[in-house]
Amino acid sequence: MVMNDTSVVTTRDVRAVAVAFRINGTDRPLDIDVRSTLLDVLREKLQLTGTKKGCDQGTCGACTVIIDGQRVLACLTLAASCAGQDVRTIEGLASTGSLTVLQEAFLECDAYQCGFCTPGQIMSATALLDEVRAGVPSHVTNDVSEPVSTKSLSAEEIRERMSGNLCRCGAYPNIVAAVQSVLSKEGGQ
Ligand code: FES
Ligand code: FES
């Protein structure tokens, strides 16, 4: 097939799309390839490299971000589908210059070793805490007739809710302790 310059440009134009991102509270309009994942846009276009690429196929949780309050795997999310949505990454948590209570708890509880999975763990745990505060049950909630309470959240509940985030270093007990520490500081446990 003969391709002239015009056809090449047309092909590129079809694949490019302007997306009005809102990242960590700031509008970041971008022209992106429609095939780009959110993970690649965050890391390669916005230099927000706190969100990690582990498996790039939805199994490790290293790329977890929060979109409109929900935990999302950025490697499985088309960036173009995030237009107009509120995307939070690890860089947005301490944007005021102070660590969040959960981030402090990760430090206090030694909830990491190499740290590669840690941004994803913290984003996931951040959303977990909001889910529990909202009374959202999990697969291991015994009684779903009542909203889940921060006062009675078991270690099993925390493990289940964090089960999408793998840690090759095996820091799981300390990660559970960090979440329990936050609940404790809120007077829940
Ligand atoms: S990099 Fe997205 S789940 Fe592993
Ligand atoms: S701290 Fe190393 S993979 Fe989790």
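Residues numbered from 1 in each chain as written. Chains lettered and ligands numbered in written order. Predicted model: local features only at pLDDT ≥ 70, side-chain atom pairs only at ≥ 80, totals over all residues. Heavy atoms only, no water.

*Asks:* What exactly am I supposed to notice about the sheet that holds strand β5 (residues 86-88) here?
*Replies:* Backbone hydrogen bonds are what pair the strands of a sheet, in a parallel or an antiparallel way. Pairing is mixed across the open sheet formed by five strands, whose spatial order is β2-β1-β5-β3-β4. Only two strands of the sheet have a single partner each, and these edge strands are β2 (26-33) and β4 (70-73). Going across the sheet, the axis of each strand differs from the next one's by a mean of 40 degrees, ignoring polarity. Alignment of strand β3 (residues 64-67) against β5, held across two bridges, turns out to be antiparallel. Directly across from Ile66, in β5, lies its bridge partner Arg88. Contacting β1 (16-23), β2, β3 and β5, helix α2 (residues 38-45) crosses the sheet at an angle of about 105 degrees to β2. Here helix α4 (residues 118-133) sits on the sheet in contact with β3, β4 and β5, set at roughly 40 degrees to β3. (Pairing = 2+ DSSP bridges. Helix = DSSP H or I, 4+ residues; strand = E, 2+ residues; numbered from the N terminus. Axes fitted to C-alpha atoms, helices over the stretch in contact; angles between N-to-C directions. Contact = heavy atoms within 4.5 Å.)

*Asks:* Can you help me understand the environment of Ser138 in this one?
*Replies:* If you trace the backbone, Ser138 turns up in the loop between α4 and α5 (155-161). Spatially, the C-alpha atoms of Ser138 and Glu157 are 7.1 Å apart, while their sequence positions differ by 19 residues. Those residues in contact with Ser138 that lie beyond four places of it in its chain are Glu157, Glu160 and Arg161. A distance of 3.2 Å separates a polar atom in the side chain of Ser138 from the backbone nitrogen of Val140. (Polar contact = N/O pair within 3.5 Å; in protein donor to acceptor, adjacent residues only side chain to side chain.)

*Asks:* I'm lost on the environment of Ala62 in this one. Help?
*Replies:* Inspection of the secondary structure puts Ala62 in the loop between α2 and β3. Ala62 sits in the buried class, given a relative accessible area of 4%. Along the sequence, Ala62 and Val132 sit 70 residues apart, while their C-alpha atoms lie 22 Å from each other. (Buried < 20%, exposed > 50% of the residue type's maximum accessible area, 1.4 Å probe, protein only.)

*Asks:* In this structure, what is going on with the environment of Phe106? I would like to understand it.
*Replies:* Secondary-structure assignment places Phe106 in helix α3 (residues 101-108). Here Phe106 falls in the buried class, since its relative accessible area comes to 1%. Counting along the chain gives 73 residues from Phe106 to Val179, while the straight-line C-alpha distance between them is 8.2 Å. Those residues in contact with Phe106 that lie beyond four places of it in its chain are Ala111, Tyr112, Thr118, Gln121, Ile122, Ile175 and Ala178.

*Asks:* It is not clear to me how α2 should be interpreted in this structure. Could you clarify?
*Replies:* Since the α-helix turns once every 3.6 residues, residues separated by three or four places project in the same direction. By the burial criterion, the buried members of α2 are Leu38, Leu39, Val41 and Leu42. The inward-facing, buried residues of α2 abut β1, β2, β3 and β5. Phi for Gln47, located one or two positions after α2, is positive at around 55 degrees.

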